[in-house]
Amino acid sequence: MRRVELGVLVIQASPFCNINCDYCYLPDRTSTTRMDFDVLRTVMQKIADSGIAVQPFEILWHAGEPLAVPLSWYEEAFEIIASFESLRGKITHTVQSNGTLINDAWCEFFKKHQVNIGLSIDGPAFIHDEHRVTRKGEGTHAKGMAGAAKLTEHGIGFGVVSVIS
């Protein structure tokens with residue numbers, strides 16, 4: 001029997017997203033519910049017990065807008081994850097964000113925990129703002145680029161994911 005290996009675990013802390021992209025396929029984007037910490041503990045315990053996590057083991061915080069969940073929630077979540085001794089040293093964290101909520105406090109958190117960042121930017125404003133809009137229909141490019149500038153100001157590199165339409 002072939003050994004199962006897990007290199008990436010996608011975690012959705014909340015379905016909520018602070019913007020309203022017209023091509024988004026995710027349901028419940030207005031729901032502000034959050035993953036219960038008991039669920040996170042259970043998932044991490046199962047991964048730790050199974051031995052399937054390979055190094056590097058990436059936890060990808062994705063779906064909805066991860067940064068719409070308070071920083072304090074992530075502080076506790078990262079403590080829970082770090083409590084699994086068998087996974088220590090294997091885990092990297094990545095956040096995929098629209099960038100609109102990035103501020104100094106988030107940047108300090110990213111640096112403290114060596115979090116990799118991906119920004120969802122669909123190109124220049126005239127393309128990006130066609131689809132990545134607020135609930136009022138306003139473009140979000142300027143706010144996303146302000147988040148990119150804040151990361152740069154703090155010396156944090158980032159990648160970009162774009163939807164080509």
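See the structure shown above.
Criteria and cut-off values
- Residues numbered from 1 in each chain as written.
- Predicted model: local features only at pLDDT ≥ 70, side-chain atom pairs only at ≥ 80, totals over all residues.
- Heavy atoms only, no water.
- Helix = DSSP H or I, 4+ residues; strand = E, 2+ residues; numbered from the N terminus.
- Buried < 20%, exposed > 50% of the residue type's maximum accessible area, 1.4 Å probe, protein only.
- Axes fitted to C-alpha atoms, helices over the stretch in contact; angles between N-to-C directions.
- Parallel < 35°, antiparallel > 145°, perpendicular 65-115°, else oblique.
- Contact = heavy atoms within 4.5 Å.
- Nonpolar A, V, L, I, M, F, W, Y, C, P; charged D, E, K, R; others polar.
- 1 Å grid on protein atoms, 1.4 Å probe; cavity = no way out; pocket = protein on both sides within 12 Å on 5 of 7 lines; lining within 4 Å.
- Points joined across faces, edges and corners; volume = space filled by probe spheres on them.
- Core = buried A, V, L, I, M, F, W, Y, C linked by side-chain atoms within 4.5 Å.
- Pairing = 2+ DSSP bridges.

S.K.: In this structure, what is going on with the environment of Asp-36? I would like to understand it.
M.R.: Take Asp-36: it is sitting in the loop between β1 (6-11) and α1 (37-50). On the basis of relative accessible area, Asp-36 is assigned to the partly exposed category, the value being 44%.

S.K.: What am I meant to see in the packing of helix α2 (residues 71-82) against helix α3 (residues 104-113) here?
M.R.: Packed helices, taken two at a time, are described by their axes: the angle between them and the distance between them. Interaxial distance between α2 and α3 falls to 11 Å at its minimum, and their mutual angle equals 10°. With respect to α3, the element α2 is oriented roughly parallel. The segment α2 lies against α3, with Leu-71, Tyr-74, Glu-75 and Phe-78 engaging Ala-105, Trp-106, Phe-109, Lys-112 and His-113. A per-class count over the contact of α2 with α3 returns six nonpolar, one polar and two charged.

S.K.: Just to check I follow, could you spell out empty space enclosed by the protein for this structure?
M.R.: One simple way to see leftover space: roll a probe sized like a water molecule over the atoms. The final tally for this structure, using the stated rule, is one cavity of 30 Å³ or more. One number sums up the size of the largest cavity: a volume of about 30 Å³. Lining the largest cavity we find Leu-67, Tyr-74, Phe-78, Val-95, Trp-106, Phe-109 and Phe-110. Of all the secondary-structure elements, those providing two or more residues to the lining of the largest cavity are α2 and α3. The element best represented in the lining of the largest cavity is α3, accounting for three residues. Of the residues belonging to the lining of the largest cavity, the class tally is seven nonpolar, no polar and no charged.

S.K.: For this particular structure, what's the right way to read the nonpolar core?
M.R.: Within soluble globular proteins, side chains that are nonpolar tend to cluster in buried spots. One finds Met-44, Trp-61, Tyr-74 and Phe-110 to be the most contacted residues of the largest nonpolar core, which totals 35 residues. Those elements that provide at least two residues to this core are β1, α1, β2 (53-61), α2, α3, β4 (116-120) and α5 (141-153). When residues in this core are grouped by element, the largest group, six residues, is from α2. Residues within four places of Trp-61 in sequence aside, it is in contact with Ile-11, Ala-13, Pro-66, Trp-73, Tyr-74, Ala-77, Phe-78, Ile-81, His-93, Thr-94, Val-95 and Gln-96.

S.K.: Would you take a moment to explain the sheet that holds β1 for this structure?
M.R.: Paired through their backbone hydrogen bonds, the strands of a sheet run either parallel or antiparallel. Pairing in this open sheet of five strands is parallel, and the strands run β1-β2-β3-β4-β5 from one edge to the other. Looking at strand neighbours, the two that pair on one side only are β1 and β5 (159-161), the edges of this open sheet. Averaged over neighbouring strand pairs, the angle between their axes works out to 25° when direction is ignored. In the sheet, β4 pairs with β5 via three bridges, with the strands oriented parallel. Paired with Leu-119 across the two strands is Val-160, which belongs to β5. Its contacts with the sheet put α2 on β2 and β3 (91-97), and the angle it makes with β2 is roughly 165°.

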